[in-house]
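Survey of secondary and tertiary structure
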Amino acid sequence: EIVAAVCLGVHSRDDTIHLRVAQCLLGFAKCTEVGLHHTSLLASVRTLYNIYLNAKSPGTTTTARAALAQIINSVFATLEEEAQASFLKSSEVESLRNLATRAAPPPADKMTTLPSEDARGQGFQEGKGVQESFGEGEEDASELGEGGEFGTVAQRDAYLLLRALCKLSLKEIADDCTADSVPYRSKLLALELLHSITKSSGLAFYHIDKFIYAIRHYLFPSVIANSMSVFFPIVETALDIFEILFLRIELRSLLKLEVESIFQTVIFRFLDSPTAGAMRRKRVLLLLSRAAADPQTLADLFVNYDCDVEAINIFEKTLARLSSLAQSAPSDTASIASTTSTTATDVHTLALQSVVSAITSLRDWSRPIEDARGSAIAKAELFSPPEAAPEGYDGGAEEAAGGRRSA
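Here is what the cut-offs are and how they apply
- Residues numbered from 1 in each chain as written.
- Predicted model: local features only at pLDDT ≥ 70, side-chain atom pairs only at ≥ 80, totals over all residues.
- Heavy atoms only, no water.
- Helix = DSSP H or I, 4+ residues; strand = E, 2+ residues; numbered from the N terminus.
- Expected span 1.5 Å × (residues − 1).
- Buried < 20%, exposed > 50% of the residue type's maximum accessible area, 1.4 Å probe, protein only.
- Axes fitted to C-alpha atoms, helices over the stretch in contact; angles between N-to-C directions.
- Parallel < 35°, antiparallel > 145°, perpendicular 65-115°, else oblique.
- Left-handed = near helix turned anticlockwise from the far one by under 90°.
- Contact = heavy atoms within 4.5 Å.
- Nonpolar A, V, L, I, M, F, W, Y, C, P; charged D, E, K, R; others polar.
- Bend = angle between axes of the 7 residues up to and from the residue.
- Salt bridge = Lys/Arg side-chain N within 4 Å of Asp/Glu carboxyl O.
- Core = buried A, V, L, I, M, F, W, Y, C linked by side-chain atoms within 4.5 Å.
- pLDDT = per-residue confidence, 0-100.
- Phe/Tyr/Trp six-rings, centres within 6.5 Å; stacked < 30°, edge-to-face > 60°.

Things to note about helix α7 (residues 182–199)
- End to end, α7 covers 26 Å across 18 residues, agreeing with the expected 26 Å (1.5 Å per residue, within 8%).
- When you tally the buried positions in α7, you get 13 out of 18 residues, the bulk of the element.

This is the structure:
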């Protein structure tokens, strides 16, 4: 009730009251004994969100933005701490069980195994979709992911926040929105908060089934939709989120179909379409250059997509497009992209650097295999028995006779 009463202050037009509301909600969130959870948490985030969108003074806007980030970061930090503790506890149990198994193996019909960790208006104007996105959180089990039950309060809080931000980032805005409009700022803020969450994510994102479910069904649809926006800051932030997920090897193995969809609908389209614009091409090339610099990423792309008859050849298509852009003269690229020659040169240079990085990475990835193969061949030659002389061959007599003839 106290939190609900404080949140009512958001309807005031006085920035001083807004500032006090933000400070109170941040204080509630930092309270270690009670804190903010479930309905109170969502109401507090919704209030701070609307203060950020409607505050008149830059100081109040900055304070609301900072309080919002601190509350969300604290929720996900608690989630990661619990995931770390659970992971360490599971590892200890697994070690003790292995020791007991080696000491006294049970009969075959009584052998058991531990579950796998991978089994998984005027005045106040509310931002578009904020009320719907940060609802009360009283959804049925089918909407909360697989199973509908949460292991801890922190899991539930983090899941509801992640889903609310994803839904808010998916709200459509008009193509003629200005950078100062509430819908534009609301969408961009949601994406920035999602980027911060993704960047600081850890074990929970790839060990807890509910968050894998949330990434697949809420986060990736948001990334795809916002990557096709007409506003470049929104596109850039969405691709920043994808880059983090794509380069995280633990998540890449869980998001095979989602990665394929991004490449097919966003990355290849930007590289192929003359109307995509040089800025979008440049951002995609930055992403590909960082991927090309990682040997394991390139190997994973080839094995999981080009070697899969049901998937598109991401490795082949990516290198083909990079090679094409690298071979194109900057003047040609400028005419295609309809942009300045400086930006076109950047696109050409990034494509060329990506090709070089890819070749270097593939060479680095294959070097241990070549070294191991060479070592095996040398060992085989060293320990192989000498070849037997042909039957009837007397090498010593022939050499002696040859010596006499020379003399």
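A look at the packing of helix α2 (residues 15–30) against helix α3 (residues 38–54)
- α3 packs onto α2 with a crossing angle of 150° between their chain directions and a minimal axis gap of 10 Å. Regarding the angle of α2 to α3, the classification is roughly antiparallel. In this structure, α2 crosses over α3, and the sense of that crossing is left-handed. Facing His18, Val21, Ala22 and Leu25 of α2, the residues of α3 in contact are Ser44, Thr47, Leu48 and Ile51.
- Residue composition of the contact of α2 with α3, by class: 5 nonpolar, 3 polar and no charged.

Describing helix α12 (residues 256–272)
- Given a rise of 1.5 Å per residue, 17 residues ought to cover 24 Å, and the 23 Å separating the end C-alpha atoms of α12 matches this to within 8%.
- The sharpest bend along α12 comes to roughly 35°, located at Phe263.
- Listing the buried residues of α12 in full gives Glu258, Val259, Glu260, Ile262, Phe263, Val266, Ile267, Phe268, Phe270 and Leu271.

Structural notes on the pattern of salt bridges
- With the rule as written, the count across this model stands at 9 salt bridges.
- The partner of Glu243 in a salt bridge is Arg283, and the shortest N-O contact between them spans 2.8 Å. Placement of the pair is Glu243 in helix α10 (residues 232–247) and Arg283 in helix α13 (residues 278–292), with a sequence separation of 40 residues.
- By relative accessible area, which is 11% here, Glu243 ends up buried.
- Taking the relative accessible area as the measure of exposure, Arg283 reaches 4% and is therefore buried.

Here's the deal with the nonpolar core
- Grouped together as the largest cluster of nonpolar side chains are 104 residues, with contacts concentrated most on Tyr49, Phe76, Phe242, Phe263 and Ile267.
- Apart from residues no more than four positions distant in its own chain, Phe263 is found in contact with Phe242, Phe246, Phe268, Leu288, Ile314 and Thr318.

Some details on the packing of α10 against α12
- The geometry of α10 relative to α12 is characterised by a closest axis approach of 12 Å and an angle of 135° between their N-to-C directions. On the basis of the axis angle, α10 is oblique to α12. Crossing of α10 over α12 shows left-handed handedness. Of the residues in α12, those in contact with Val235, Leu239, Phe242 and Phe246 of α10 are Val259, Ile262, Phe263, Val266, Ile267 and Phe270.
- Each residue belonging to the contact of α10 with α12 can be placed in one class, and the counts come to 10 nonpolar, no polar and no charged.

Quick notes on the confidence of the model for the protein
- Per-residue pLDDT for the protein averages 78, and the proportion of residues at 70 or more is 73%.
- Segment residues 99–124 is flagged for pLDDT under 50; beyond a separation of four residues in sequence, or across chains, it makes 26 contacts in the model.
- Considering only residues more than four positions removed or in separate chains, one finds that residues 332–339, a stretch of pLDDT under 50, has 14 contacts.

Side note on the environment of Ser40
- Tracing the backbone shows Ser40 in helix α3.
- You can call Ser40 partly exposed: its relative accessible area is 30%.
- Along the sequence, Ser40 and Leu25 sit 15 residues apart, while their C-alpha atoms lie 9.7 Å from each other.

Quick word on unusual backbone geometry
- The backbone of His38 sits at a positive phi, close to 50°, despite the residue not being glycine.
- The topology assignment puts His38 in helix α3.

With respect to the side chain of Thr61
- Topologically, Thr61 is positioned in helix α4 (residues 58–103).
- Taking the relative accessible area as the measure of exposure, Thr61 reaches 15% and is therefore buried.
- Apart from the residues lying within four places of it in its own chain, the contact partners of Thr61 are Tyr52, Ala55 and Arg185.

Focus on the packing of aromatic side chains
- A full pass over the atoms with the stated rule returns 11 aromatic pairs.
- Ring geometry for Phe302 against Phe315: centres 5.5 Å apart, planes inclined by 75°, an arrangement best described as edge-to-face. Of this pair, Phe302 sits in helix α14 (residues 295–306) while Phe315 sits in helix α15 (residues 314–327), and the two are 13 residues apart along the sequence.
- Given the relative accessible area of 14%, Phe315 is considered buried.

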